[in-house]
Amino acid sequence: MARIVMKFGGTSVADLDRIKNVARHVKREVDAGHEVAVVVSAMSGKTNELVGWVQNTPKVVGANSPFYDAREYDAVVASGEQVTSGLLAIALQAMDINARSWQGWQIPIRTDNAHGAARILEIDGSDIIKRMGEGQVAVISGFQGLGPDNRIATLGRGGSDTSAVAIAAAVKADRCDIYTDVDGVYTTDPRIVPQARRLKKIAFEEMLEMASLGAKVLQVRSVELAMVHKVRTFVRSSFEDPDAPGMGDLLNPPGTLICDEEEIVEQEVVTGIAYAKDEAQISLRRLSDRPGVSAAIFGPLAESHINVDMIVQNISEDGSKTDMTFTVPSGDVEKAIKVLGENKQKIGYDVIQNESGLVKVSVIGIGMRSHAGVAATAFRALAEKGINIKAITTSEIKISILIDGPYAELAVRTLHSCYGLDKS
Ligand code: ADP
Ligand code: ASP
Ligand code: MG
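What you see is a predicted model, and the numbers here were worked out from it, not measured in a lab.

Participant: Help me understand unusual backbone geometry, please; the structure alone is not making it clear to me.
Facilitator: For residues that are not glycine, phi is negative in most cases, and the peptide bond is trans in most cases. The step from Ile107 to Pro108 runs through a cis peptide bond, and the omega angle for that step is -15°. The topology assignment puts Pro108 in the loop between strand 3 (99–102) and strand 4 (109–111).

Participant: Looking at this model, I keep getting lost on the sheet that holds strand 11 (residues 233–237). Mind explaining?
Facilitator: Strands belonging to one sheet form pairs held by backbone hydrogen bonds; the direction of such a pair is parallel or antiparallel. One open sheet holds the 8 strands; their spatial order is 3-6-2-1-9-11-12-10, and the pairing between them is mixed. Looking at which strands have only one partner, the edges of the open sheet turn out to be strand 3 and strand 10 (201–203). The average angle at which neighbouring strand axes cross in this sheet is 20°, direction not considered. Where helix 1 (residues 16–31) meets the sheet, it contacts strand 1 (3–8), strand 2 (35–40), strand 6 (137–141), strand 9 (175–180) and strand 11, and its direction lies at approximately 175° from that of strand 1. Against the sheet, helix 4 (residues 79–94) engages strand 2, strand 3 and strand 6, with an angle of about 160° to strand 6.

Participant: Help me out: how do you make sense of the site of ligand 2 in this one?
Facilitator: Lining the immediate environment of ligand 2, one finds Ser41, Ala42, Thr47, Glu81, Phe143, Arg157, Gly158, Gly159 and Ser160. Between ligand 2 and the protein, one listed contact pairs a nitrogen atom with a side-chain N or O atom of Glu81 at 2.7 Å. Between ligand 2 and Gly159, the relevant distance is 3.4 Å, taken from an oxygen atom to a main-chain nitrogen or oxygen of the residue. Protein coverage of the free-state accessible area of ligand 2, which is 260 Å², stands at 86%. Grouping the amino acids of the shell around ligand 2 by side-chain chemistry returns 2 nonpolar, 5 polar and 2 charged.

About the criteria used
- Residues numbered from 1 in each chain as written.
- Chains lettered and ligands numbered in written order.
- Predicted model: local features only at pLDDT ≥ 70, side-chain atom pairs only at ≥ 80, totals over all residues.
- Heavy atoms only, no water.
- Helix = DSSP H or I, 4+ residues; strand = E, 2+ residues; numbered from the N terminus.
- Pairing = 2+ DSSP bridges.
- Axes fitted to C-alpha atoms, helices over the stretch in contact; angles between N-to-C directions.
- Contact = heavy atoms within 4.5 Å.
- Near = heavy atom within 4 Å.
- Polar contact = N/O pair within 3.5 Å; in protein donor to acceptor, adjacent residues only side chain to side chain.
- Areas by Shrake-Rupley, 256 points an atom, 1.4 Å probe, with all protein chains shown as cover.
- Nonpolar A, V, L, I, M, F, W, Y, C, P; charged D, E, K, R; others polar.

Shown next, in the form of structure tokens:
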């Protein structure tokens, strides 16, 4: 007998038929004698609809400012998960399975105060463990917890993955299964590159890079938690027949295991390609080249919670003036330019230029640590396709390249095949 946390994403609970199918997956594990907790997302599209309502309300009322209270944002957008946890509990009960729904505050899942992007601080798993021991399935609303102000706090988009892994750690589950609309983690987004291959295993560090560089199959924070708490996490499909052979395999279920790199026998140099859309580039021209300039630029941006990513500084010709270029999410450009404008005197630059609609493509692989020439291969392949590179950043296990938006799919396909990742 094992203790298993099963998480089902938006497309897996998109309507009542899909919820019935989820209930059959749960029943399979319950019938095998396992203790089961389930984490659910909102029905697909629901969270977007709720966010839209929140954003439109000030406009409809005719307010001067588009801003809204983050606590009320959370009160509204957390409701999607409340619906699906209740419906799944009803579906399970109708199949004669003892089940009960739980909201984040009922467990409770304690978070910090960052409404809209809260982090889980602590989960009291004792009630859930006790109920599971009595044969009850806990059906938990993902994406939500309880802030220090005793109000609902949500965990950022895609946060149900994080709820699931955090709960798995709190109840010391033997396994956390993330069920989604693809049957595992692929070498790149299989919806963009049909030749992408499913990985049997991927190392935590690589999955962390893939997720933070744009592969939305797992929320970044969920991978961090799985790595820190050593949660055995699988990504697998909810769309397969719940009773197909092997679906209930305890040690080796179908899907992709996220694991320590030591567990991977045949490590490739490059494991995968990720991409992130809606990047923007900001350049400050003719900056004075003196100590403290970077701090004067990036300090105020950080204080305004603007996430700066790639940074490129030119070497000045005469030691007096230089140029600085960096990227931010497209949605933050206006805010960033306003902040830089307010600090113009302190920074000391001539003009600001910006360009939106860019894409960052990234090549990821632990094998890069011990192989030279990986970046050169990417640059050559992109050049052959006439794709211009606007900025580059590298780390031990990844190379990120900024390009024009319209070339995104071509670049991802090109990089995927130049490292021999296409399935034969
Ligand atoms: P859920 O609603 O189940 O949380 P998401 O839409 O958040 O599902 O994540 C699953 C999607 O992630 C897939 O449909 C796929 O298009 C996308 N994806 C991006 N990169 C990858 C990758 N490397 N492997 C698998 N899926 C990926
Ligand atoms: N429903 C939330 C979202 O769409 C959380 C999740 O699906 O993981 O972001
Ligand atoms: Mg998701």
